[in-house]
Amino acid sequence: MQKTVNIAALQIASLSFDKAKLDYYLTIAKTKKCKVFVLGEYVLNLFFKELETTPLSLIKEQTRYQKKNLQQLANSYNMVIITPAIVVRNKKVKKIIYKFTPRSVTTYTQQILINYKHWDEEKFFSNPIESLKAPMTFSIDGIKIAVMAGFEIHFDYFWQQCMSKKIDCVLVPTASTFGSQNRWRHLLSTKAYQNSSYVLRINRTGTFHDKEHTWQFYGDSFLMQPNGEIESHLGTKEELMIAIIDKNIVKEHKKSWGFTNALTKRDMI
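A brief report on the enclosed structure follows. (Residues numbered from 1 in each chain as written. Predicted model: local features only at pLDDT ≥ 70, side-chain atom pairs only at ≥ 80, totals over all residues. Heavy atoms only, no water.)

Considering empty space enclosed by the protein
Inspection of every chain in the model, using the stated rule, returns one cavity of 30 Å³ or more. Estimated volume of the largest cavity: approximately 40 Å³. Looking at the largest cavity, the residues that line it are Glu41, Tyr42, Val43, Asn45, Pro84, Ala85, Ile86 and Lys95. The element contributing the most residues to the lining of the largest cavity is strand β3 (residues 80-89), with three residues. Class assignment of the residues belonging to the lining of the largest cavity gives a composition of five nonpolar, one polar and two charged. (1 Å grid on protein atoms, 1.4 Å probe; cavity = no way out; pocket = protein on both sides within 12 Å on 5 of 7 lines; lining within 4 Å. Points joined across faces, edges and corners; volume = space filled by probe spheres on them. Helix = DSSP H or I, 4+ residues; strand = E, 2+ residues; numbered from the N terminus. Nonpolar A, V, L, I, M, F, W, Y, C, P; charged D, E, K, R; others polar.)

Spelled out as structure tokens, the structure:
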């Protein structure tokens, strides 16, 4: 019995207050029978370096507007919409991931944030620093999906949680820049292969300039198969990918390599 789910990945720059463009791409996704629609990091809101100088009231209003729209769109298109977002609560700013369904809205608070001198999210956001928890997970038509924040893919704990939950596909929304294409491809190829799962990476596009750097968000969104090979990828511009997740292919890889079985025998997962 074949089990597949179509997922639409929108590679785009900041949408700001542009509802019409989301509506346009969701219409396409619906015609392709997609049940999940994913956006990259810093698409609903401005990029991090812009947020540093943006009034909290504007950040809050932007997210409120986008949240209302996405709730309506998830209901209208009968689709799950996954997107990172910035929320303001009690004058504190947090980085989260939303999951919109026709009936509900759930959130995941990013647990590990970038803390480099030129890009210090950990200092700016008020996300708590505490013991790690499993990433967001959900199921569509028997296919198990996890959502992993871009920076969190560097930490094995989250991948171990995905393996223990027998995840079939990991969604990775990112805002990657500085010519890091090959690093992301190599890293996620290894993780897909080791964890016997698809990995769908959704990267932002666009450019931001500050006094010291040019932040070129290069796209290169891709679907990595469980064997670590890229099945499809996008270029550098605004574009929509339709990814087909096939549970039978996941099962074949798990059976062939037996990584999950080896750990199950030892009560590790």
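Description of the packing of helix α5 (residues 156-164) against helix α6 (residues 181-195)
Packing of α5 against α6 brings their axes to within 10 Å, and their N-to-C directions diverge by 35°. In this structure, α5 crosses over α6, and the sense of that crossing is right-handed. Taking contact as the criterion, the partners of Asp156, Trp159 and Met163 in α5 are, on α6, Leu188, Lys191, Gln194 and Asn195. For the contact of α5 with α6, a count of residues per class yields three nonpolar, two polar and two charged. (Axes fitted to C-alpha atoms, helices over the stretch in contact; angles between N-to-C directions. Left-handed = near helix turned anticlockwise from the far one by under 90°. Contact = heavy atoms within 4.5 Å.)

Focus: the packing of helix α1 (residues 19-31) against helix α3 (residues 56-77)
Axis separation between α1 and α3 bottoms out at 11 Å; the angle between their running directions is 25°. The pairing of α1 with α3 is recorded here as roughly parallel in orientation. Note on packing geometry: the crossing formed by α1 with α3 is right-handed. Of α3, the residues touching α1 (which contributes Lys19, Leu22, Asp23, Leu26, Thr27 and Lys30) are Tyr65, Asn69, Leu70, Gln72, Leu73 and Tyr77. Split by residue class, the contact of α1 with α3 holds six nonpolar, three polar and three charged. (Parallel < 35°, antiparallel > 145°, perpendicular 65-115°, else oblique.)

So, the environment of Ile230
Here Ile230 shows up in strand β15 (residues 230-233). Taking relative accessible area as the criterion, Ile230 reaches 28% and is therefore assigned partly exposed. Considered as a pair, Ile230 and Leu132 are 98 residues apart in the sequence and their alpha carbons are 30 Å apart. Ignoring anything within four residues of it in the chain, the contact list for Ile230 reads Arg185, Phe222, Leu223, Met224 and Gln225. (Buried < 20%, exposed > 50% of the residue type's maximum accessible area, 1.4 Å probe, protein only.)

What to know about the sheet that holds strand β11 (residues 198-203)
With respect to topology, six strands assemble into an open sheet ordered β8-β9-β10-β11-β14-β15, the strand pairing being mixed. Strands with a single pairing partner mark the edges of an open sheet, and in this sheet they are β8 (136-140) and β15. Going across the sheet, the axis of each strand differs from the next one's by a mean of 20°, ignoring polarity. Bridging between strand β10 (residues 169-174) and β11 involves six bridges; their strand directions are parallel. Considered in β11, the bridge of Pro173 is made with Ile202. Contacts from α6 reach β10, β11, β14 (222-224) and β15, with the element oriented near 35° to β14. (Pairing = 2+ DSSP bridges.)

Some remarks on the sheet that holds strand β16 (residues 239-246)
The strand order β5-β4-β3-β2-β1-β16 describes an open sheet built from six strands, whose pairing is mixed. With one partner strand each, in any of the chains shown, β5 (105-109) and β16 form the two edges of the open sheet. The sheet shows a mean angle of 30° between the axes of neighbouring strands, direction not considered.

A few points about the layout of surface pockets
Sizing a probe to match a water molecule and rolling it over the atoms shows the empty space that remains. If you add up the space inside the largest pocket, you get close to 340 Å³. Broken down by class, the residue content of the lining of the largest pocket amounts to seven nonpolar, eight polar and four charged. Taken as a whole, the second largest pocket holds about 200 Å³ of empty space. For the second largest pocket, the full set of lining residues is Asp156, Trp159, Gln160, Met163, Ser164, Lys191, Gln194, Asn195, Leu263, Met268 and Ile269. Contributions of two or more residues to the lining of the second largest pocket are made by α5 and α6. No other element matches α5, which puts five residues into the lining of the second largest pocket. By residue class, the composition of the lining of the second largest pocket is five nonpolar, four polar and two charged.

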